[in-house]
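Residue-level structure breakdown
Now for the letters of each chain:
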Amino acid sequence: MTGIRLQAPAPGWAIDADVVVVGSGVAGLTAALRCTAAGLRTVVVTKARLDDGSTRWAQGGIAAALGEGDTPGQHMDDTLVAGAGLCDEEAVRLLVTEGPDAVRRLIATGARFDTDGHGTIELTREGGHHRRRIAHAGGDATGAEISRALVDAVRERAVRTIENALVLDLLTDAEGRTAGVTLHVMGEGQHDGVGAVHAPAVVLATGGMGQVFSATTNPAVSTGDGVALALRAGAEVSDLEFVQFHPTVLFLGPEAEGQQPLVSEAVRGEGAHLVDADGVRFMVGQHELAELAPRDIVAKGIMRRMREQGTQHMYLDARHFGSAMWKSRFPTILAACRTHGFDPVAEPIPVAPAAHYASGGVRTDLRGRTTVPGLYACGEVACTGVHGANRLASNSLLEGLVFAERIADDIAADKVRAGTPVPHPAPRVLPLLDPAARARVQHVMTNGAGVLRSAASLAEAAQQLDAIHSEATTAGTATTGGTGDGGHKAAEPGVESWETTNLLCVARVLVAAARRREETRGCHWREDHPDRDDTTWRRHLVVRLAPDRSLDVRTTHTQDFPQTVHTAETAETAETAETAETAETAGRYTHRTAPIAAQTAPTADQTAARREQQP
């Protein structure tokens, strides 16, 4: 445990449970329903309403080997290719093998997928898939239908829920095992103010961190809260540098910020073409699947063409679909385009890449267990090893289903009794950021750690994020409501300041990992290291937050994850390795850094030595 906590009032109320699930997307609600069915007292905590997470925004569908002639092995092959050599093969095998039955159980729960006249599920293709294996609902409203079915099931089974609640930190017992969470409930929740849910098992299903960038397909609630909480709790995170930028997001202008309308990959799966202003299909010849290449390849193709022509977007041409197909197959996308002044029936759609999905996250094993006993993670917040360096289209909903079920089964089998939460003997309170810093963090990340990255851009991003952190630290030395020595006002504890603080935390870990990985692989594109380097980098970066807020960064030995237990070797290496070279000699690549207060702006030599920054 790090002993690091968000600055917040002490809990004023508490409830008891066997398991608390944080998040209400496909992963969270699936875990909650299965835990409830096993007789466990389950509480679902969600940041907004039950159906306000990322799941309901999913358009394309859910991938599984359901079609005639398709097999889990073929699905596995496509997943491994998309993951660019970094998938954990056993995790992928579990996903594709257990996936079809998990989808059938979802249907039994009440989800209604699109079918043909014979009642057979209709399947489409998306990028990276060699077969039609994407089940969809409502044409392009798959996520909304899955969310509806799961929310209805949760309400029908009277699962206890706390809505409009931001989870703050993990509670632990005297042995360091999970004992629940603290949370702040906003005005419309069941409780008021800061409270706690005491439980021996906590499932993080908080979604992604897309809001760390200026333009994203993610909703406003995706602020990396789960990853930040896990880091403060002492858990390991992995592969945060692999942020997938969806290649076809409706381009609303260079100044557009926040959540942007997604144009599903299924549009290309049904035959739409990517073209430049002259109508040239520039993806033809770049990959055997052309526009249906894996997302990282398509995003790079778009960015290259944009740079060649000095433009800010490309076009997606689906005029040949006709009005009837647009209205029946893609009604949500059609409405979004027309709302913003574009008619895809009559004109090509302007598109550009935007932040979409975090392939990395809180590191887990095949049962969803993190490196903190009793803490689980599933869905986008987790890094199971399934996605590798680039998620295969429509594998995300499937991953949420499969690993949520595995987590629930593990919790039900474990039956650990709740320990009594104990306060950390000397909690270290994180300085809170003023909510106004949120836009600054987003601009820094978009400019320095977006689709195109380099040593120079990442060093600049790290330096600017350091400055934002230093301002908060200075302001935090003043009394609440006052100003510190730098003249910056101390932030008040509250949802917006907590979210902004979490965003800065995950941003700094992401930049540190992106600086370390000196190659181009999957959705991590380094302009100064344009080639993939399997000899050095076919392995994962694993990061842990130290009590002094420095980063302990190491690489795994192979593309497969080690067990989620701290071995004596790992602990000893982390304590004794004073330099990267020493750690490499010991068989680990471990890098400890000094606290931020002792650091200055990076010199060229320090950058070359890959000095990491505090979160």
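Every chain is numbered independently, its residues counted from 1 as its sequence is written. With the structure being a predicted model, the display of local features is reserved for residues of pLDDT at least 70 and the display and counting of side-chain atom pairs for 80 or more, all residues being used for whole-chain, interface and lining totals. Side-chain metrics in this entry use all non-hydrogen atoms of the structure; hydrogen atoms and water are not considered.

Quick notes on the environment of valine 20
Keep this limit in mind: The way it works is that DSSP assigns letters per residue, a run of H or I at least four long becomes a helix, a run of E at least two long becomes a strand, and they are numbered from the N terminus. Each residue gets one of three labels from its accessible area relative to the maximum for its type: buried under 20%, exposed over 50%, partly exposed in between, using a 1.4 Å probe on protein chains only. Should any heavy atoms of two residues lie within 4.5 Å, those residues are counted as being in contact.
Among the structural elements, valine 20 can be located in strand β3 (residues 19–22). In this structure valine 20 comes out as buried when scored by relative accessible area, which is 0%. With 178 residues separating them in the primary sequence, valine 20 and histidine 198 have C-alpha atoms 8.1 Å apart. If we skip the residues at most four places from it in the chain, valine 20 touches Val43, Val45, Val181, Val197, Ala199, Ala201, Val202 and Val203.

Looking at the packing of helix α1 (residues 26–37) against helix α10 (residues 395–414)
Axis angle and axis distance: for two packed helices, these are the angle between their axes and the distance between the axes, and together they describe the pair. Going by this rule: Lines fitted to the C-alpha atoms define the axes, with helices restricted to the stretch that makes contact. Angles between their N-to-C directions range from 0 to 180 degrees. Should an angle lie under 35 degrees it is considered roughly parallel, over 145 roughly antiparallel, and from 65 to 115 roughly perpendicular; all remaining angles are considered oblique. In a left-handed crossing the near helix is turned counterclockwise from the far helix by less than a right angle, and in a right-handed crossing that turn is clockwise. Under the convention adopted here, Pro, Cys and the residues Ala, Val, Leu, Ile, Met, Phe, Trp and Tyr are nonpolar, Asp, Glu, Lys and Arg are charged, and Gly plus all remaining residues are polar.
One way to put it is that α1 packs onto α10 with a least axis distance of 8 Å and a crossing angle of 30 degrees. Between α1 and α10, the angle falls in the class roughly parallel. For the crossing formed where α1 meets α10, the hand is right-handed. Facing Val26, Ala27, Thr30, Ala31, Arg34 and Cys35 of α1, the residues of α10 in contact are Leu397, Gly400, Leu401, Ala404, Glu405, Ala408, Asp409 and Ile411. Class assignment for the residues of the contact of α1 with α10 results in nine nonpolar, two polar and three charged.

Side note on unusual backbone geometry
Even without being a glycine, alanine 84 presents a positive backbone phi close to 55 degrees. Turning to its location among the elements, alanine 84 is positioned in the loop between α2 (72–82) and α3 (89–109). The backbone phi angle of arginine 549 is positive, close to 70 degrees, even though this residue is not glycine. As for its placement among the helices and strands, arginine 549 is situated in the loop between β24 (541–545) and β25 (551–555).

Focus on the sheet that holds strand β22 (residues 382–383)
Selection criterion: The criterion for strand pairing is that DSSP finds at least two bridges linking the strands in question.
Strands sit in the order β22-β20-β14-β24-β25 across an open sheet of five strands; the sheet is mixed. Of all the strands in the sheet, the pair left with one neighbour each is β22 and β25. Relative to strand β20 (residues 361–363), strand β14 (residues 237–238) is paired through two bridges, and the arrangement is antiparallel. In the strand pairing of β20, valine 237 is matched with valine 362. Packed on one face of the sheet, helix α5 (residues 225–233) meets β14, β20 and β24 and runs near 40 degrees to β20.

With respect to the nonpolar core
As a reminder of what qualifies: By nonpolar core is meant a set of buried Ala, Val, Leu, Ile, Met, Phe, Trp, Tyr and Cys residues that side-chain atoms within 4.5 Å join together.
Counting 106 residues, the largest nonpolar core has Ile162, Val197, Val267 and Met445 as the members making the most contacts within it. A per-element tally of this core places helix α13 (residues 495–516) first, with 13 residues. Beyond its immediate chain neighbours, meaning those up to four positions away, valine 197 contacts Ile15, Ala17, Val20, Val43, Val45, Ile162, Leu171, Ala179, Gly180, Val181 and Leu183. One finds Ala32, Leu123, Ala135 and Leu398 within the second-largest nonpolar core, a separate group that totals 47 residues.

Overview of the pairing of strand β9 (residues 165–172)
With eight of eight residues buried, β9 lies mostly within the body of the structure. Taken together, the six bridges between β9 and strand β10 (residues 178–185) define a ladder with antiparallel strand orientation. Bridging across to β10, leucine 171 finds its partner in glycine 180. Adjacent in sequence and paired antiparallel, β9 and β10 are bridged by five residues, among which glycine 176 carries a positive phi angle near 85 degrees.

Describing the packing of aromatic side chains
Just so we agree on the cut-off: For this analysis, a ring pair means two rings from Phe, Tyr or Trp (six-membered ring only for Trp) whose centres lie within 6.5 Å, classed as stacked if their planes differ by under 30 degrees, edge-to-face if by over 60, and tilted for the remaining angles.
Under the definition given, this model contains four aromatic pairs. With centroids separated by 5.2 Å and ring planes inclined at 70 degrees, the aromatic side chains of phenylalanine 213 and phenylalanine 245 adopt a geometry described as edge-to-face. In this pair, phenylalanine 213 is assigned in the loop between β12 (201–204) and β13 (215–216) and phenylalanine 245 in strand β15 (residues 243–250), connecting sequence segments 32 residues apart. Each member of the pair, phenylalanine 213 together with phenylalanine 245, is buried. Through pairs of rings, three or more aromatic residues link up here, namely Phe321, Trp326 and Phe330.

Everything listed here is a matter of coordinates, which is why it stays silent on function.
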